[in-house]
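Structure assessment
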Amino acid sequence: MAKSREVKGAGELTQIGDLITPKLVRQIKRRSGPTPIQQRLIEAAALSVEQPDAQFLLYQHTVFCQTSLPYRNPGDDARTWERQNGDVHLKVLAGEAMHPDEGRFVQVGLPFGPKCRMVLMHINQRALVTESPKIEVEDTLSKFVRKVLNLDPHGRNIRVVKEQLSRLSASSIRLGIVRDGHALTVNSQIVTAFDVWFPKDDRQRVLWPSTVSLSLDYFQSLMNHAVPLDEAHIGALSHSALALDIYTWLAQRLHRIPAGKPARISWAALHGQFGQGYNPEHMSKFRQVFRVALKEVLMVYRAARVDDEDPKPARLYSQGGRPAWREKPAKGLTLYNSPPPVRKLLK
């Protein structure tokens, strides 16, 4: 029996799981080259120029650079989203839309995620280039989806993009800015009047609306408070809503910092701005996720001068007669005056 078992073992095929250990997987990944996300970041960094052509610019409203929309779907029951950062306040109210089959108003959820942000940037760009709140989007949005998002504009994935456009169109926003003792409040919808519905059959082509109309309040505010962004950078960061928010925040913030007077931002403040979904009592997880996104942002926004203050080495203390290791918590980020990723059209 022993011999037969030995012969049998020698003749059997070894399970692949017994050969490929976690360590070997890591080695294979390192040797197989960069991931698609890493490749996009590398290419965007290599293509970075001091002043990109105007046709390769996107724009975001300064309020959305300092606050943020949800990173993930907050759920159908969530009808209000509110964020504040210093003197800037954002409130988004989920809306309703007339359903073509049911003949009644139905609730539409809050906009969320990276595609929502990028679609809004594209709409902003078209409005500013044409200097009109009414813009043609059928062809330009398809090209944008193909080039920047790298998605088939007629495939199943494009439904996610149009869903975010639908959520943006149905929602109402309130933008609040306090500056130099004056308070500006914008109560409006970003997008008005277009068909937000699309075929349920995946085999049918998803048609964009031919035009989108921005509310006059939002359009006028955008004309005065738009932050230009590099399209290549946005495309490279398109996988992460957090990375997009960090990038747009630094794009409008760094060039405003006085030279020689760096700004220090605590981890508590960073959590208040970017830490949606992370328990403030367990800051280490948020710091870990934030640092990954920040590293990706700094790969493409190479002119940004940002220092991440690591915690000091742990020290041995005596506690109740027993030795105990303690380390001081990481302080946060230090921001230095830096040129913006796009120098054009800044006021």
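Check the entry above for the structure.
I will try to describe carefully the structure that is included in this document. (Residues numbered from 1 in each chain as written. Predicted model: local features only at pLDDT ≥ 70, side-chain atom pairs only at ≥ 80, totals over all residues. Heavy atoms only, no water.)

Here we come to the overall build of the chain. On a plain count of helices and strands, the chain comes out with 13 helices and 16 strands. Across the 347 residues in the chain, those meeting the buried criterion constitute 44%. At a minimum sequence separation of 6, the contacts of the chain that also span at least 24 residues come to 71%. (Helix = DSSP H or I, 4+ residues; strand = E, 2+ residues; numbered from the N terminus. Buried < 20%, exposed > 50% of the residue type's maximum accessible area, 1.4 Å probe, protein only. Contact = heavy atoms within 4.5 Å.)

On to the pairing of strand β1 (residues 57–61). Within β1, five of the five residues are buried, leaving the element largely enclosed by the surrounding structure. A two-sided burial pattern is seen for β1, the buried positions comprising Leu57, Tyr59 and His61 on one face and Leu58 and Gln60 on the other. Both β1 and strand β11 (residues 226–230) contribute to a ladder of five bridges, which runs antiparallel. Opposite Leu57, over in β11, you have Asp230 as the bridge partner. (Pairing = 2+ DSSP bridges.)

If you walk across this open sheet you meet the four strands as β2-β3-β7-β8, and the pairing is antiparallel. Edge strands, defined here as strands with exactly one partner in the open sheet, are β2 (80–85) and β8 (182–189). Strand-to-strand twist in this sheet, taken as the mean axis angle between neighbours without regard to direction, amounts to 10°. Direction of pairing for strand β3 (residues 88–93) relative to strand β7 (residues 172–179): antiparallel, over a ladder of six bridges. Bridging across to β7, His89 finds its partner in Gly176. (Axes fitted to C-alpha atoms, helices over the stretch in contact; angles between N-to-C directions.)

With respect to the element layout, Ser238 can be found in the loop between α10 (231–236) and α11 (241–253). Engagement of the side chain of Ser238 in a polar contact is seen with the backbone oxygen of Gly235, the distance being 2.9 Å. Non-local contacts of Ser238, meaning those with residues more than four positions away in its chain, are made with Arg40, Pro114, Met118 and Leu149. (Polar contact = N/O pair within 3.5 Å; in protein donor to acceptor, adjacent residues only side chain to side chain.)

This part is about the packing of helix α12 (residues 267–274) against helix α13 (residues 283–300). Running from N to C, α12 and α13 cross one another at 70°; their axes reach a closest spacing of 11 Å. Our classification of the angle between α12 and α13 gives roughly perpendicular. Contacts from Trp267, Ala268, Leu270, His271 and Phe274 in α12 reach Met283, Phe286, Arg287, Phe290 and Arg291 in α13. For the contact of α12 with α13, the residue count by class is seven nonpolar, one polar and two charged. (Parallel < 35°, antiparallel > 145°, perpendicular 65-115°, else oblique. Nonpolar A, V, L, I, M, F, W, Y, C, P; charged D, E, K, R; others polar.)

Another aspect to go through is the environment of Ser68. Along the chain, the position of Ser68 falls in the loop between α5 (62–66) and β2. Given a relative accessible area of 1%, Ser68 falls into the buried group. Taking the C-alpha atoms as reference points, Ser68 and Phe112, separated by 44 residues in sequence, lie 9.4 Å from one another. Residue contacts for Ser68: discarding those within four places in its chain leaves Trp81, Arg83, Leu90, Arg117, Asp245, Gln273 and Gln276. There is a polar contact of 3.2 Å between the side chain of Ser68 and the side chain of Gln276.

In this structure the tally under the stated criterion is one cavity of 30 Å³ or more. Looking at the largest cavity, its volume works out to about 50 Å³. For the lining of the largest cavity, the secondary structure elements donating two or more residues are α6 (113–130) and α11. Residue classes in the lining of the largest cavity are distributed as five nonpolar, four polar and two charged. (1 Å grid on protein atoms, 1.4 Å probe; cavity = no way out; pocket = protein on both sides within 12 Å on 5 of 7 lines; lining within 4 Å. Points joined across faces, edges and corners; volume = space filled by probe spheres on them.)

Glancing now at the pairing of β7. Both β7 and β8 contribute to a ladder of eight bridges, which runs antiparallel. Residue pairing across strands places Ile173 opposite Ser188, the latter belonging to β8. Hairpin connection between β7 and β8: a loop of two residues separates the two successive antiparallel strands, and Asp180 in this loop has a positive phi of roughly 55°.

Right, let's talk about helix α8 (residues 158–170) for a bit. Taking 1.5 Å per residue, 13 residues should reach 18 Å; α8 reaches 19 Å between its end C-alpha atoms and fits that length. Within the span of α8, buried status applies to Ile158, Arg159, Val161, Lys162, Gln164, Leu165, Ser166, Arg167, Leu168, Ser169 and Ala170. (Expected span 1.5 Å × (residues − 1).)

This part takes up the pattern of salt bridges. Opposite charge on two side chains allows them to pair when their charged atoms are near. Across all of its chains, the model carries three salt bridges by this definition. Taking the shortest distance from any N to any O, the salt bridge between Asp245 and Arg117 comes out at 2.8 Å. With Asp245 in helix α11 and Arg117 in helix α6, the pair connects residues that are 128 residues apart, well separated along the chain. Each member of the pair, Asp245 as well as Arg117, carries the same accessibility label: buried. Asp308 is the partner of Arg291 in a salt bridge, and the nearest nitrogen-oxygen pair spans 2.6 Å. Here the residue Arg291 occupies a position in helix α13, and Asp308 occupies one in strand β13 (residues 306–309), the gap between them amounting to 17 residues. (Salt bridge = Lys/Arg side-chain N within 4 Å of Asp/Glu carboxyl O.)

As a further point, take α11. Over its 13 residues, α11 runs 18 Å from end to end, which matches the ideal 18 Å to within 8%, given 1.5 Å per residue. Buried within α11 are the following residues: Ala241, Leu242, Ala243, Leu244, Asp245, Ile246, Tyr247, Thr248, Trp249, Leu250, Ala251 and Gln252. For α11, the side-chain oxygen to backbone nitrogen distance between the N-cap and Leu242 is 3.4 Å, and the N-cap itself is Ser240.

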